[in-house]
Amino acid sequence: MAKRRDRNFLGPSGTTLGLGEFWGLTIAGFVLFFAVWSGVAASGWLPANLLPSPLAVWDTLVRLWHNPFAGHVYAAHLTASIERFLMGWAIAVGIGVPLGLLMGWYRLLDEIVTPLFDAMRFVAPLAWVPLAALWFGTGIGGPLLIIFVGSFAPCVISAYRGARLVETRLVEAAQTLGASSRQVITHVLIPGALPSIIAGLRVSAGLGWQSLVGSELIVVGAGLGYLMVQGQGNLNTSVVIAGMVGIGVVGFVIDVLLRAVEATFKKRWGQE
């Protein structure tokens, strides 16, 4: 049996990098980033209260993990943000994916919805913050609306494109065999569109997570965005950066998980 080859990654000038080389360069990039950050912080070009060193931010993270800030320890803020994101993203997926599939299947629905959808999707999620505050006040509905708005459009677009890319001959074959419209949708349309849907969920999750900070500008009692706002109010840059670190790490983990799901489906569908 042939030895399994490592996954290749595209490098400069179209060359490919092995898995070890890819991770080596990734780690080198992080090391370079932290080295430059440490050097700038140590140079005194900016006061320490404006640009703390990586070590100072780490100390702040450790302190926040054990001591409450803005009413909660760091883990509680992190958990609150993740829960809001998952709820808002799940609503966006639950509505956006079926809508996109139906728009791709029914031309009349496509013509009715597309003009309004195209106009609304260009309104930035942060533009909804004042309206969400007026509608929901301090309740959970405001943050969920902002995360939903950020996540919704990619769900619809990916499902719509997936539905439109399903081969016509497969649909015709199913109809010839006597399949009803419902059976065609469940047994042909959805499986055929699934790779595109999974790819769109990754984009959707990224945009929804980015909208999290904007959603937590609405009056909430916990969350990474709330932590950062409170840190700004206390002129504590280390707390602000600690919140940014949490947002970046969780966003990276979400993307890695969805990339793994996407790769699994692509392999199953023979796309790689």
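Every chain is numbered independently, its residues counted from 1 as its sequence is written. Only residues with pLDDT of at least 70 are given local features in this predicted model, and only at 80 or more are side-chain atom pairs given and counted; all residues enter the totals for whole chains, interfaces and linings. The side-chain quantities take in all heavy atoms of the structure and omit both hydrogens and water.

The protein chain appears in an unreviewed UniProt entry as ABC transporter permease from Roseomonas nitratireducens. Per UniProt, the protein chain has the following entry under Sequence similarities (unreviewed entry): "Belongs to the binding-protein-dependent transport system permease family." UniProt positions are given in the numbering used here, feature names are shortened, and annotations may be inferred rather than shown by experiment.

J.: Please give an account of a nonpolar patch on the surface that cites residues and values.
T.: Without a salt bridge and with relative accessible area above 30%, a residue can belong to a patch; like charges are then joined within 9 Å and nonpolar side chains (Val, Leu, Ile, Met, Phe, Trp, Tyr) within 5 Å. Computed by Shrake-Rupley with a 1.4 Å probe, the accessible areas treat only the displayed protein chains as cover when residues are assessed. Salt bridge, as applied in this entry: a Lys or Arg side-chain nitrogen positioned within 4 Å of an Asp or Glu carboxyl oxygen. Taken together, Trp 23, Val 245, Val 249, Phe 252, Val 253, Val 256 and Leu 257 make up a surface patch of nonpolar side chains, about 630 Å² in accessible area. Runs of H or I in DSSP of at least four residues are treated as helices and runs of E of at least two as strands, each being numbered from the N terminus. The residue Val 256 is located in helix 10 (residues 237-268) in this model. Here the term buried applies to any residue with accessible area under 20% of the maximum for its type, exposed to any over 50%, and partly exposed to those in between, with areas from a 1.4 Å probe on protein chains only. What makes Val 256 partly exposed here is its relative accessible area of 36%.

J.: Now, about helix 2 (residues 54-66): what can you tell me, with residues and values included?
T.: With 13 residues, helix 2 ought to run about 18 Å at 1.5 Å a step, and its terminal C-alpha atoms sit 19 Å apart, in line with that. Taken together, the buried positions of helix 2 are Pro 54, Val 57, Thr 60, Leu 61 and Leu 64. End-on view of helix 2: buried residues confined to an arc of 115°, all on one side of the axis. With respect to the buried face of helix 2, the exposed residues turned more than 90 degrees away are Leu 55, Trp 58 and His 66. Under the convention used throughout, the expected extent of a helix is 1.5 Å for every residue step, that is, one less than its residue count. Working definition: the arc comes from the directions between the helix axis and the C-beta atoms, pointing outward to the latter.

J.: Residues and numbers for unusual backbone geometry, please.
T.: Residue Ala 70 is not a glycine yet carries a positive backbone phi of 55°. Within the secondary structure, Ala 70 sits in the loop between helix 2 and helix 3 (74-105). By relative accessible area, Ala 70 is classed as partly exposed at 24%. For Leu 235, which is not glycine, the phi torsion reads 55° and is therefore positive. Tracing the sequence through the fold places Leu 235 in the loop between helix 9 (224-233) and helix 10.

J.: Lay out the UniProt feature "transmembrane region" (unreviewed entry) in the protein chain with the relevant residues and their values.
T.: As recorded in UniProt, the feature "transmembrane region" (unreviewed entry) lies at residues 21-46, 86-108, 120-138, 207-227 and 239-261. Within residues 21-46, the helical portion is 88% and the strand portion 0%, while the C-alpha atoms at the span's ends are 35 Å from each other. Secondary structure content for residues 86-108 is 96% helix and 0% strand, and the end C-alpha separation is 32 Å.

J.: Explain the layout of surface pockets to me, using residue names and the numbers behind them.
T.: Both cavities and pockets are sets of points on a 1 Å grid over the protein atoms alone; in a cavity a 1.4 Å probe fits but cannot get out, in a pocket the set is open with protein on both sides within 12 Å along at least five of seven lines, and lining residues sit with an atom within 4 Å of a point. Grid points are joined across faces, edges and corners, and a volume is the space filled by probe spheres set on the points. Put simply, the second largest pocket is a space of about 590 Å³. Along its surface, the second largest pocket is lined by 21 residues, and Phe 34, Val 245, Gly 246, Gly 248 and Val 249 are the ones closest to its centre. Sorting the residues of the lining of the second largest pocket by element identifies helix 1 (19-43), helix 2, helix 3 and helix 10 as the ones contributing at least two each. Among the elements that line the lining of the second largest pocket, the one with the most residues is helix 10, at seven residues. Here the residues of the lining of the second largest pocket sort into 18 nonpolar, three polar and no charged. Polar here means any residue other than Ala, Val, Leu, Ile, Met, Phe, Trp, Tyr, Cys and Pro, which are nonpolar, and Asp, Glu, Lys and Arg, which are charged; Gly is therefore polar.

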